[in-house]
Amino acid sequence: MQGQEAGTRLRYRLTLASGMLECLCFAGVVFGFASLVFVLKEDGYFSQLCVSANDTQISPGCKRQDEQFSLVFTIASFLNNFLVLINGYLFDRFGTMVTRLLGICLYTTGMLLVAFSSAAFSELLFPALSCIAVGGILFLLTNIQVGNLFPAHRSTIITLYNGAFDSSSAVLLIIKVLYEQGISLRSSFLVLSSCSIILLLRTFLLMPRTHIPYPLPQYYTYGLDCGQANTYNVEQFERMRDGTSSGKDNVSAEPEDETEARDTDKVASFRSCVLSWFFLWHVLWLSIMQLRLYLFISTLNPMLTRLTNNDPNLVSQFTNAFAITQFFGIVCAPWNGLIMDRHKGKPLAPGETEQEADLRSSSLSLFLTSLQCLLLSVCASIPVLPLQYLTFVLQVLNRSFLYGGNAAFISIAFPACHFGKLYGLVMSISAVVSLLQYPCFSLVDGSLGGDPFFVDIALTLLTLLVFIHPIYTFIHCRRVARRREDNAQTEVTNGSKMTEAKL
């Protein structure tokens, strides 16, 4: 038995480490597109748009070429978030293996399309980057559940994976450096596409076929070589999460179909989750902050150009500083997880469930993330060039806290059997809201003459709404605790009365 337990723990650790490398090297590669643009321009992608009607010479760059690159990334980043709704349903309905196989197919297809694209077939970048983006988010979606293997550090692992997702943009920077050393774009992307073999091996050997349940059953195993693996349906353990499980022996003593049917009835329905105040405030919280982050990135270059009086050297210096700070997402994200897991290992209050303790702990994380976004918005609104270094730090910190906290909160506040659908719905709604960045950018570039000051002020005021979510969560936890204390006091009083009556 000890040997089996040691083997199980080793498998858990290998899954955790390999998942970290997967998110760091493959999941969020598309967000390093800014580094790839330099290589694509050198190879002449969309350069035909820069030929004027009266000149046959191709200029080194033009606005129409930049617009095409911007459109490629806009479509890819939109699909990256919007299609999570469908991907979440696939994950909940068909499980980890099917979802990951789809992600690997999309990722490999996207890499091969980039590898075999050229200046003459620049339009291949549109499906290529979209496939890479959607495939990458599928890797993150299936890896989030790895946190269930380590209950004491669950939120920390979820946020760490999201941080690795953010930092994976460095992969395309490495490709840019290799290109400058003489290695072609095609060679680099062929190597990346061949890494799909590693992703396939991990899918079959170190990931479950369906889902990883929470709470985790004893000696839970998974993978191709486990033989009679101790695998479970997520719904079977939902009532354990609510503190109503009668023990593992009772679960295993009943037929599996009957147990799952009875447990599913005890789990909150998907509709009730979507219509809850928790879901509403969480969507508002994520959507506003994501819009603020996206608009900051889209207006960064014109803002720096204006603040530096169009000094290309200073613009390059601050742009590089911004790119470097993005690599520290994997360092910043676990801080949020540690905040959310700070209560782990401590005794629960009398009558308090694990979910209630997790919610109580998450309110501080939600508040700090909201505060970061407010400070970011204020700093971005002040036209002082050196202050933008602080803005860059706040941006990467807020982004790391935002997406890691988003996934962790959904896994805490709602049943695990609905995680994929709810995560997908939240990301899809926020993706639609993020499309507002285009009219905001048009307003800045047009009527406001390139000065985003008034738009920044409006967004700063809008950001104040995100504080509703942590306040509501805090009040809810206080209300639940007060109700539990009142019930305990009532039971004590009734017990005393019954004792007196007997006497």
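Treat the numbers as computed from the prediction; the structure is a model and nothing was measured.

We now examine the overall build of the protein chain. Across its full length, the protein chain carries 24 helices and 0 strands. Looking at the protein chain residue by residue over its 503 residues, the buried ones come to 51%. Pairs at least 24 apart in sequence give 79% of the contacts found in the protein chain among residues at least 6 apart. Summed over all atoms, the accessible surface of the protein chain reaches about 23100 Å², with 65% contributed by carbon and sulfur.

Bringing the packing of aromatic side chains into the picture now. Two numbers describe a pair of aromatic rings. These are the distance of the centres and the angle of the planes. Evaluated as defined, the whole model comprises 15 aromatic pairs. Both rings, one in Tyr-12 and one in Phe-150, keep their centres 6.3 Å apart while their planes meet at 75°; by these two values the pair is edge-to-face. Highlighted residues: Tyr-12 in helix 1 (residues 2-27) and Phe-150 in the loop between helix 6 (125-143) and helix 7 (154-167), separated in sequence by 138 residues. For the pair shown, Tyr-12 and Phe-150 are each scored as buried. Here the aromatic rings of Phe-46 and Phe-126 are separated by 6.2 Å at their centres, their planes lie at 70°, and the arrangement is edge-to-face. Of this pair, Phe-46 sits in the loop between helix 2 (33-42) and helix 3 (63-82) while Phe-126 is found in helix 6, placing the two residues 80 residues apart along the sequence. Across this residue pair, the class does not change: Phe-46 and Phe-126 are buried. An aromatic cluster is present here, built from Tyr-12, Phe-150, Tyr-220 and Tyr-222 joined pairwise through their rings.

Listed in full, the buried residues belonging to helix 9 (residues 185-194) are Leu-185, Ser-188, Phe-189, Leu-192 and Ser-193. All buried residues of helix 9 fall inside an arc of 135° around its axis, so they share one side. In this fold, the buried residues of helix 9 make contact with helix 2, helix 5 (96-115), helix 8 (170-180) and helix 10 (196-205).

On to the nonpolar core, then. If you look at the biggest cluster of nonpolar residues, it comprises 94 residues, and the most contacted ones within it are Leu-129, Leu-149, Leu-185, Phe-189 and Tyr-423. If one sorts the elements of this core by residue count, helix 6 sits on top with 10 residues. Excluding its chain neighbours within four sequence positions, the residues that come into contact with Tyr-423 are Val-84, Leu-140, Leu-141, Ile-144, Asn-162, Asn-406, Ala-407 and Ile-410. Leu-300, Met-303, Ala-321 and Ala-380 belong to the second-largest nonpolar core, a separate cluster that totals 11 residues.

Attention now moves to helix 18 (residues 329-340). For helix 18, with 12 residues, the first-to-last C-alpha span of 17 Å sits near the 16 Å given by 1.5 Å per residue. When we look at burial in helix 18, the residues that qualify are Gly-329, Cys-332, Ala-333, Pro-334, Asn-336, Gly-337, Ile-339 and Met-340. Contacts made by the buried residues of helix 18 are with helix 7, helix 17 (312-326), helix 19 (354-381) and helix 20 (388-413).

A few words now on the side chain of Ser-193. The topology assignment puts Ser-193 in helix 9. Apart from residues lying up to four places away in sequence, Ser-193 is in contact with Thr-108, Met-111 and Leu-112.

Our focus in this paragraph is the packing of helix 5 against helix 6. Relative orientation and spacing of two packed helices are given, respectively, by the angle between their axes and the distance between those axes. Where helix 5 contacts helix 6, the two axes come as close as 7 Å, and the packing angle between them is 150°. Here helix 5 is positioned roughly antiparallel relative to helix 6, judged by the angle of their axes. When you trace helix 5 past helix 6, the crossing you get is left-handed. Along the lines of polarity and charge, the residues of the contact of helix 5 with helix 6 split into 15 nonpolar, 8 polar and 1 charged.

Parameters at a glance
Residues numbered from 1 in each chain as written. Predicted model: local features only at pLDDT ≥ 70, side-chain atom pairs only at ≥ 80, totals over all residues. Heavy atoms only, no water. Helix = DSSP H or I, 4+ residues; strand = E, 2+ residues; numbered from the N terminus. Buried < 20%, exposed > 50% of the residue type's maximum accessible area, 1.4 Å probe, protein only. Contact = heavy atoms within 4.5 Å. Areas by Shrake-Rupley, 256 points an atom, 1.4 Å probe, with all protein chains shown as cover. Phe/Tyr/Trp six-rings, centres within 6.5 Å; stacked < 30°, edge-to-face > 60°. Arc of directions from axis to C-beta. Core = buried A, V, L, I, M, F, W, Y, C linked by side-chain atoms within 4.5 Å. Expected span 1.5 Å × (residues − 1). Axes fitted to C-alpha atoms, helices over the stretch in contact; angles between N-to-C directions. Parallel < 35°, antiparallel > 145°, perpendicular 65-115°, else oblique. Left-handed = near helix turned anticlockwise from the far one by under 90°. Nonpolar A, V, L, I, M, F, W, Y, C, P; charged D, E, K, R; others polar.

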